[in-house]
Amino acid sequence: MNRRTGIVGYALAGVALAAFAAAAWVVSPDAVLGPLTWLADDPIRFGAALVALTAVRPFLAWPTTLLAVVAGYGYGWVGLPVGVAAMVATALPPYWFARIGRTRAREGSRTADRLCGAGERLADATGGVRAVTATRLLPVPSDAVSVAAGGSGIGLRSLLVGTALGELPWAVVGVAIGVSVTRLAAGGVAAIDPTVLVAMAGLGALLLAGPLYRTFIRDRASPTA
């Protein structure tokens with residue numbers, strides 16, 4: 001009986017954090033950090049809450065780095081793999097949405113057809129894992145990358161591996177913020193060193209530069225036989 005009560009309590013904790021997340025839609029992601037002080041006292045309860053936050057994040061369009069911040073807040077640096085796993089899992093809903101609706105979108109819109117076709121060519125030239133990794137490193141909305149991967153026909157395995165690799169630097173930044181209680185209290189969720197952003201964006205651009213040139217510039221510039 002006690003065990004069942006405990007399970008129900010953990011589930012309710014997750015639902016509670018999801019409710020706080022929904023309320024924070026009107027305010028900001030910082031509104032979630034208050035209840036985390038209580039939730040972090042129990043690692044299992046905190047884990048259930050983090051799962052709930054991971055599930056609702058795509059619908060709130062929050063940055064995925066927030067999940068790493070939360071993981072770092074609750075688990076410290078040990079939470080780094082937890083943060084990465086949450087960031088990978090939260091990429092699945094928009095990816096599946098785009099993957100399922102890809103055929104219908106291409107048939108109903110010439111623009112969508114051209115975008116999907118361009119994405120397919122780039123993925124073929126780059127490789128699915130490299131394409132996802134590079135775009136995750138760029139400072140662009142994570143959900144946009146997931147949708148683009150689904151629309152481009154990139155496989156699930158490539159999405160998972162590429163997302164884990166590309167989100168890892170962002171997870172390190174997020175966990176570093178999460179373990180610093182004083183920075184959280186001062187609104188440090190968004191306090192990311194611009195140098196880190198430039199370095200990650202530069203690496204992502206380097207990974208994409210060659211395939212982009214070969215796919216969209218060199219081939220068009222080459223004279224036809």
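Check the entry above for the structure.
Owing to the predicted nature of the structure, the values given are computational and were not obtained by experimental measurement.

## Quick word on the nonpolar core
Ranked by internal contacts, the top residues of the largest apolar core, which has 20 residues, are Leu67, Val70, Met87 and Ala171. Of all the secondary structure elements, the ones that give two or more residues to this core are helix 3 (43-60), helix 4 (65-75), helix 5 (80-89) and helix 10 (156-178). Counting residues in hydrophobic clusters, the runner-up holds eight residues, among them Leu92, Ala149, Ile154 and Leu159.

## Notes on the pattern of salt bridges
Using the criterion set out here, one finds one salt bridge in the structure. Here arginine 57 makes a salt bridge to aspartate 143, at a shortest N to O gap of 2.6 Å. Separated by 86 residues along the polypeptide, arginine 57 in helix 3 and aspartate 143 in helix 9 (residues 142-151) bring together distant segments of the chain. Judged on exposure class, the residue arginine 57 and its partner aspartate 143 are both buried.

## Thoughts on helix 8 (residues 128-137)
Of all ten residues in helix 8, seven are buried; the element is thus mostly enclosed. Three or more residues of helix 8 are buried, namely Gly128, Ala131, Val132, Thr133, Ala134, Arg136 and Leu137.

## Notes on a nonpolar patch on the surface
Side chains of Trp96, Ile100, Leu156, Leu160, Val161 and Leu165 sit close together on the surface and give an oily, nonpolar patch of about 550 Å² of accessible area. Looking at the nonpolar patch, the elements with two or more residues in it are helix 6 (92-108) and helix 10. Ranked by residue count, the leading element in the nonpolar patch is helix 10, at four residues. Relative to the helices and strands, valine 161 is located in helix 10.

Conventions and cut-offs
- Residues numbered from 1 in each chain as written.
- Predicted model: local features only at pLDDT ≥ 70, side-chain atom pairs only at ≥ 80, totals over all residues.
- Heavy atoms only, no water.
- Core = buried A, V, L, I, M, F, W, Y, C linked by side-chain atoms within 4.5 Å.
- Buried < 20%, exposed > 50% of the residue type's maximum accessible area, 1.4 Å probe, protein only.
- Helix = DSSP H or I, 4+ residues; strand = E, 2+ residues; numbered from the N terminus.
- Salt bridge = Lys/Arg side-chain N within 4 Å of Asp/Glu carboxyl O.
- Patch = residues over 30% accessible without salt bridge, like charges linked within 9 Å, V, L, I, M, F, W, Y side chains within 5 Å.
- Areas by Shrake-Rupley, 256 points an atom, 1.4 Å probe, with all protein chains shown as cover.

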